[in-house]
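Notes for the structure review
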Amino acid sequence: MEELVGNTLAQKTNIWADSLANQASATPKANATFIFLARNSELKAVVESIQYMEDRFNKKFQYPYVFLNDEPFTDEFKEWTSQMVSSKAEYGIIPREHWQQPDWIDEERAKAGRDKMVDENIIYGGMSSYPEIMGLNILGSVSYRNMCRFNSGYFFRHPLILPYRWYWRIEPGVRFYCDLGYDPFLSMEDNNQVYGFNIALYELEETIPTLWKATKEFISKHPQYVASGNAMGFLSEDGGRTYNLCHFWSNFEIADMEFWRGEAYTAYFDWLESKGGFYYERWGDAPVHSIAASLFLRKEQLRFFDEIGYKHESFQHCPSGDRHKQGRCSCSPKDAFDWD
Ligand code: GDP
Ligand code: MN
């Protein structure tokens, strides 16, 4: 009897050791990395995001992480996060020109824009409850604008990111609820897709009063960049006259940086940058990315990752049916934001 138990245990141990060995020998197949922009103060929430990502996906796939910050990461940050990941972790500082408000921005005008946004939101009780849900100060903050501009036009030019083609963006305090058994980068590559999303919602109109006007000016100057078979229908109910504020929520993104580094997006970003709207208003990287992906790509090049259960702040996506079962998801489809 004792022998039997011993054998069984030994067998179990072997099976366990084998599967661990298999995992450790997995090498990433796509030229891809996680991109994790974060502050030192968010360390605990960063570690939690990594735990979900490792458990549900990366312990099998072993893609590297690049952590970026406008300030140097602390030793504590580097030690704890690198002990959490199953793969390589690198830590980069963002160059000042990619982060700070440029000198040519008229600070007086920018400040007036920030104050107006805050005041109007207080006076009218908020156009929606969204700023409250998303945390205070996102309307009047300069650093939030730096972040939005960086994520719109600069992250893919960082020296640590340049060697990579594909990325998966992660934020502090997010959750991944389902096992992902396949490689999303390879899957997108195989399907000729470029931009992957998980949740879509409405932008706050007061943050982008002239973004659509600037976009229409760009399109009339460069009609060649607008793809035939694009997803304008996602952005507009009237054939492009007005923007319906729909956007992909960019805290989750799996995408091909060749698109951001390419001719159309480079010209579009430069045009938006020249307008100063990242500072005079509060143009977000979510509507900027979404508009570009919807206009300069064909519809089929967008990928909805239904099988990835995901939560950021109070909004979440959770698959149902077979996908919920296959992913052993710990979210409830009833809580998914999709149906709101
Ligand atoms: P929200 O998701 O729109 O509420 O914005 P967050 O506050 O979550 O910021 C989005 C991402 O940018 C997160 O990964 C943050 O950690 C990061 N972030 C925002 N502001 C700063 C900043 O001033 N410095 C750094 N290093 N990261 C920032
Ligand atoms: Mn966030």
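A brief look at the structure comes next. Note that this is a predicted model, so its numbers are computed, not measured.

The tally for this structure, following the rule as stated, stands at 2 disulfides. In this model Cys 318 forms its disulfide with Cys 331; the gap between the sulfur atoms is 2.1 Å. The disulfide joining Cys 318 to Cys 331 has a torsion of about 80° about its S-S bond and is therefore right-handed. Of this pair, Cys 318 sits in the loop between strand 12 (315-317) and helix 15 (321-326) while Cys 331 sits in the segment after helix 15, placing them 13 residues apart in sequence. Using a relative accessible area of 5% as the deciding quantity, one classes Cys 318 as buried. Here the disulfide map of the protein reads 1-3, 2-4, the bonded cysteines being numbered as they appear in the sequence.

A few words on the coordination of the manganese ion (ligand 2). On the protein side, the manganese ion (ligand 2) has Glu 171 (OE) and His 312 (NE2) as donor atoms, found 1.9 to 2.2 Å from it. Of this pair, Glu 171 sits in the loop between strand 4 (166-170) and strand 5 (175-176) while His 312 sits in strand 11 (residues 310-312); the two residues are 141 residues apart in sequence, bridging distant segments of the chain.

This next bit is on the packing of helix 12 (residues 263-275) against helix 14 (residues 285-296). It is at 11 Å that the axes of helix 12 and helix 14 come closest, and there the two elements cross at 140°. Comparing their axes, helix 14 and helix 12 come out oblique. The crossing of helix 12 and helix 14 is right-handed. Contact residues: helix 12 offers Ala 264, Tyr 265, Tyr 268 and Leu 272, while helix 14 offers Val 288, His 289, Ile 291, Ala 292 and Phe 296. By residue class, the composition of the contact of helix 12 with helix 14 is 8 nonpolar, 1 polar and no charged.

A word on the site of ligand 1. What surrounds ligand 1 is a group of 15 residues, the closest being Leu 37, Glu 42, Asn 69, Asp 70 and Tyr 144. Measuring from an oxygen atom of ligand 1, one finds a backbone N or O atom of Leu 37 at 2.6 Å. Separating an oxygen atom of ligand 1 from a side-chain N or O atom of Glu 42 is a distance of 2.6 Å. For ligand 1, whose free accessible area comes to 570 Å², the fraction covered by protein is 89%. If you tally residues by element for the shell around ligand 1, the top one is helix 7 (residues 142-153), at 3 residues.

Looking now at helix 14. Helix length check: helix 14 (12 residues) gives 16 Å between terminal C-alpha atoms against 16 Å at 1.5 Å per residue, within 8%. Among all positions of helix 14, only Asp 285, Ala 286, Pro 287, Val 288, His 289, Ser 290, Ile 291, Ala 292, Ala 293, Ser 294, Leu 295 and Phe 296 are buried.

Under the defined criterion, the tally for this structure stands at 42 aromatic pairs. Taken together, a centroid distance of 4.8 Å and an interplanar angle of 70° make the contact between Tyr 63 and Phe 185 edge-to-face. Here Phe 185 lies in helix 8 (residues 184-190) and Tyr 63 lies in the loop between helix 2 (43-61) and strand 2 (65-69), a separation of 122 residues in the sequence. Exposure remark for Tyr 63: the relative accessible area of 0% places this residue in the buried category. Here the aromatic rings of Trp 249 and Phe 315 are separated by 5.4 Å at their centres, their planes lie at 65°, and the arrangement is edge-to-face.

Conventions adopted
- Residues numbered from 1 in each chain as written.
- Chains lettered and ligands numbered in written order.
- Predicted model: local features only at pLDDT ≥ 70, side-chain atom pairs only at ≥ 80, totals over all residues.
- Heavy atoms only, no water.
- Disulfide = S-S within 2.5 Å.
- Helix = DSSP H or I, 4+ residues; strand = E, 2+ residues; numbered from the N terminus.
- Buried < 20%, exposed > 50% of the residue type's maximum accessible area, 1.4 Å probe, protein only.
- Donors = N, O, S within 2.8 Å, 3.2 Å for Na, K, Ca; no water.
- Axes fitted to C-alpha atoms, helices over the stretch in contact; angles between N-to-C directions.
- Parallel < 35°, antiparallel > 145°, perpendicular 65-115°, else oblique.
- Left-handed = near helix turned anticlockwise from the far one by under 90°.
- Contact = heavy atoms within 4.5 Å.
- Nonpolar A, V, L, I, M, F, W, Y, C, P; charged D, E, K, R; others polar.
- Near = heavy atom within 4 Å.
- Polar contact = N/O pair within 3.5 Å; in protein donor to acceptor, adjacent residues only side chain to side chain.
- Areas by Shrake-Rupley, 256 points an atom, 1.4 Å probe, with all protein chains shown as cover.
- Expected span 1.5 Å × (residues − 1).
- Phe/Tyr/Trp six-rings, centres within 6.5 Å; stacked < 30°, edge-to-face > 60°.

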